[in-house]
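Here are the chains, one letter per residue:
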Amino acid sequence: MNWLLILFLLLPINVFANGEGSEQLFGQWSQFAAYGNFGNKSPWIWWTDVAVRSSQTHKAKDGSQGYDVGAIPTHSAVGYQFDPSNSLMLGYVYQYSQPPYAKKSTNENRIYQQYQNVLDFKESGKLTNRTRYEQRWVTYSDQMAQRLRHQVKYQYPFNKQWGFVISDEIFLNINSVSWGPKAGFDQNRIFVGPVYNIDDRQRVEFGYMNNYVNKDLKSDLDNHVMVINYYYNFTDF
């Protein structure tokens, strides 16, 4: 496949993240995810994960800066696999966040609907498009925020064990609410790194992610994150 075309599709130039007026923070995100189906060759599928996201904190007035856990999200979802390429899922998210990933300590609940399409090009790799629509609530407000996000992910195998992953995900707020989200561009996540297949069921993706977060009229966040994601496939083939 044409690598220049892939890079053009997956890594658009982020005109927001030019470094000016944005706070540069470094962090590390880890995720454990498991997924599978309900029985032998069942089209009914499930997903669950838990992640820990740590980061540098905002600089104090005296210039000092710490490091802390910024968010702990968990996802659980069930869905239906229509064919090898297409699936729908309904999920729930609980996320605890604190500065710098939230204004203050926040407990957030979400419900989401997801459509995923996977194109398998065999030795030329795999292209995944995932669209997710979220309804979001926090415990200190009764206003519901809505968000649309879309991820494009390309995986290229070097051999049976090693491969390469590159992805881009954009987040768009549908409405504005008093507790934070403003309608329009919310954030963008670009990830690149190797993938290691431990065996037929386990794999690890690790690498660099740039997470640019729009803070409206305030200083935006430009997060530089080292990512480690572990996946276990319980699918009964």
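Computed from a prediction, not measured in an experiment: that's the story for all the values here.

Chemist: Mind showing me how you'd approach the overall build of the protein here?
Modeler: A count of helices and strands for the protein gives one helix and 11 strands. By residue count, 43% of the 237 residues in the protein fall in the buried class. Summarising the internal contacts of the protein: among those between residues at least 6 apart in sequence, 52% fall at separations of at least 24.

Chemist: What should I look at first to understand a nonpolar patch on the surface in this one?
Modeler: Residues Phe 32, Val 50, Val 52, Val 69 and Ile 72 make up a contiguous nonpolar surface patch of about 350 Å² in total accessible area. Counting only elements with at least two residues in the nonpolar patch, the list comes to strand E2 (44–56) and strand E3 (67–81). Take Val 50: it is sitting in strand E2. Judged by relative accessible area, which is 38%, Val 50 ranks as partly exposed.

Chemist: Would you mind showing me how to read the environment of Trp 44 here?
Modeler: Here Trp 44 shows up in strand E2. Note: C-alpha distance between Trp 44 and Gly 79 (35 residues apart in sequence) is 5.8 Å. The contacts of Trp 44, once residues within four sequence positions are left out, are Asn 37, Phe 38, Gly 79 and Tyr 80.

Chemist: Please clarify how the sheet that holds strand E10 (residues 202–213) should be interpreted in this entry.
Modeler: Each strand in a sheet pairs with its neighbour through backbone hydrogen bonds, running either in the same direction (parallel) or in the opposite one (antiparallel). The 11 strands lie next to each other as E1-E2-E3-E4-E5-E6-E7-E8-E9-E10-E11, forming a closed barrel whose pairing is mixed. For this sheet, the mean angle separating the axes of adjacent strands, direction not counted, is 20°. Pairing of strand E7 (residues 145–157) with strand E8 (residues 162–173), which is carried by 11 bridges, proceeds in the antiparallel orientation. Note that in E8 the partner of Arg 149 across the bridge is Phe 171.

Chemist: I keep staring at the side chain of Asn 223 and nothing clicks. Help me out?
Modeler: Along the chain, Asn 223 falls in strand E11 (residues 220–233). Residue classification places Asn 223 among the buried positions, given a relative accessible area of 1%. Excluding residues that lie within four positions of it along the chain, Asn 223 makes contacts with Leu 25, Tyr 101, Met 209, Asn 210, Asn 211 and Val 213.

Chemist: Where do I start with the pattern of salt bridges in this structure?
Modeler: Side-chain pairs of opposite charge can arise where the charged atoms are in close proximity. Using the criterion set out here, one finds 10 salt bridges in the structure. In this structure, Arg 149 engages Glu 134 in a salt bridge whose closest nitrogen and oxygen atoms are separated by 2.8 Å. Separated by 15 residues along the polypeptide, Arg 149 in strand E7 and Glu 134 in strand E6 (residues 126–138) bring together distant segments of the chain. With respect to burial, Arg 149 and Glu 134 carry one shared label: buried. Salt bridges linked by common partners bring Glu 108, Arg 110, Arg 130, Glu 134, Arg 136, Arg 147, Arg 149, Glu 169 and Asp 186 together as one network.

Chemist: So what exactly am I meant to see when it comes to the environment of Gln 24 here?
Modeler: For Gln 24, the position within the fold is in strand E1 (residues 22–37). Looking at Gln 24, its side chain comes within polar contact range of the side chain of Ser 22, at 2.9 Å. Polar side-chain contacts of Gln 24 include one of 2.7 Å to the side chain of His 224.

Chemist: Which parts of the structure should I look at to understand the environment of Arg 53?
Modeler: You can see Arg 53 is positioned in strand E2. Judged by relative accessible area, Arg 53 falls into the buried class, the value being 13%. Measuring from C-alpha to C-alpha, the distance between Arg 53 and Gln 28 comes to 6.1 Å, with 25 residues separating the pair along the chain. Those residues within four positions of Arg 53 in sequence are excluded, and the remaining contacts are Gln 28, Trp 29, Val 69, Gly 70, Ala 71, Pro 73, Gln 95, Tyr 101 and Arg 189.

Rules used in this analysis
- Residues numbered from 1 in each chain as written.
- Predicted model: local features only at pLDDT ≥ 70, side-chain atom pairs only at ≥ 80, totals over all residues.
- Heavy atoms only, no water.
- Helix = DSSP H or I, 4+ residues; strand = E, 2+ residues; numbered from the N terminus.
- Buried < 20%, exposed > 50% of the residue type's maximum accessible area, 1.4 Å probe, protein only.
- Contact = heavy atoms within 4.5 Å.
- Patch = residues over 30% accessible without salt bridge, like charges linked within 9 Å, V, L, I, M, F, W, Y side chains within 5 Å.
- Areas by Shrake-Rupley, 256 points an atom, 1.4 Å probe, with all protein chains shown as cover.
- Salt bridge = Lys/Arg side-chain N within 4 Å of Asp/Glu carboxyl O.
- Pairing = 2+ DSSP bridges.
- Axes fitted to C-alpha atoms, helices over the stretch in contact; angles between N-to-C directions.
- Polar contact = N/O pair within 3.5 Å; in protein donor to acceptor, adjacent residues only side chain to side chain.

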